[in-house]
Amino acid sequence: MIKPRRGGPYPHLRLSFDTKVTQGLAVAELVYGRGMSYKQAAVQLGMSPTTSWRRCWFLMDWLLPEQHGVKASRLPPMRGTRACPRGRPYIPELDGPDGAISRQRKELQR
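Residues numbered from 1 in each chain as written. Predicted model: local features only at pLDDT ≥ 70, side-chain atom pairs only at ≥ 80, totals over all residues. Heavy atoms only, no water.

Student: What is the right way to read the pattern of salt bridges from this model?
Tutor: Pairs may arise between side chains of opposite charge once their charged atoms sit close together. This structure, assessed with the given rule, holds three salt bridges. With a closest N to O distance of 2.9 Å, Arg 79 and Asp 61 form a salt bridge. Taken together, the residues Arg 79 in the loop between α4 (49-67) and α5 (92-95) and Asp 61 in helix α4 connect sequence positions 18 residues apart. Across the pair, Asp 61 and Arg 79 agree in class, each one buried. Residue Arg 88 pairs with Asp 95 through a salt bridge whose shortest N-O separation is 2.6 Å. Arg 88 gets classed as partly exposed once you look at its relative accessible area, which sits at 34%. (Salt bridge = Lys/Arg side-chain N within 4 Å of Asp/Glu carboxyl O. Helix = DSSP H or I, 4+ residues; strand = E, 2+ residues; numbered from the N terminus. Buried < 20%, exposed > 50% of the residue type's maximum accessible area, 1.4 Å probe, protein only.)

Next up, the structure:
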């Protein structure tokens, strides 16, 4: 019997939003609040250092539009994954032609 191929690990290992945010808050509190490294935070929370780094940055990227006074329309892709291999993810509300960051840059250039 031939098994149907799955699309890789992403579809069936997806975590809920609540879990990502809860873990991101825990990592951020340990790293930025208590001065631990991502590796130390990961050991304390029982996850890999890479996962702790990703969860923390997911939380920060998710909160970024609100820091610029914009409501995000969707969740940003997680850093360090195929969807966002490096750098900060593209967030249309911030980085698009009419985005908040683009407007701020135009105002500063005047």
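Back to the write-up after that little detour.
Student: Explain the packing of helix α2 (residues 17-33) against helix α3 (residues 38-45) to me, please; I cannot follow it from the model alone.
Tutor: In a pair of packed helices, the angle between the axes and the distance between the axes together describe the arrangement. Two elements in contact, α2 and α3, have axes separated by 9 Å at closest approach and are oriented at 135 degrees. Classified by the interaxial angle, the pair formed by α2 and α3 is oblique. The crossing of α2 and α3 is right-handed. Here α2 contributes Ala 26, Val 27, Leu 30, Val 31 and Tyr 32 to the contact with α3, which in turn contributes Tyr 38, Ala 41, Gln 44 and Leu 45. (Axes fitted to C-alpha atoms, helices over the stretch in contact; angles between N-to-C directions. Parallel < 35°, antiparallel > 145°, perpendicular 65-115°, else oblique. Left-handed = near helix turned anticlockwise from the far one by under 90°. Contact = heavy atoms within 4.5 Å.)

Student: How should the packing of α2 against α4 be read in this particular structure?
Tutor: Following both chains from N to C, one finds α2 and α4 inclined at 100 degrees, their axes separated by 7 Å at the closest point. Judged on the interaxial angle alone, α4 and α2 are roughly perpendicular. From α2, Phe 17, Lys 20, Val 21, Gln 23, Gly 24, Leu 25, Val 27, Ala 28 and Tyr 32 reach across to α4, where they touch Ser 52, Arg 55, Cys 56, Trp 57, Phe 58, Leu 59, Met 60 and Trp 62.

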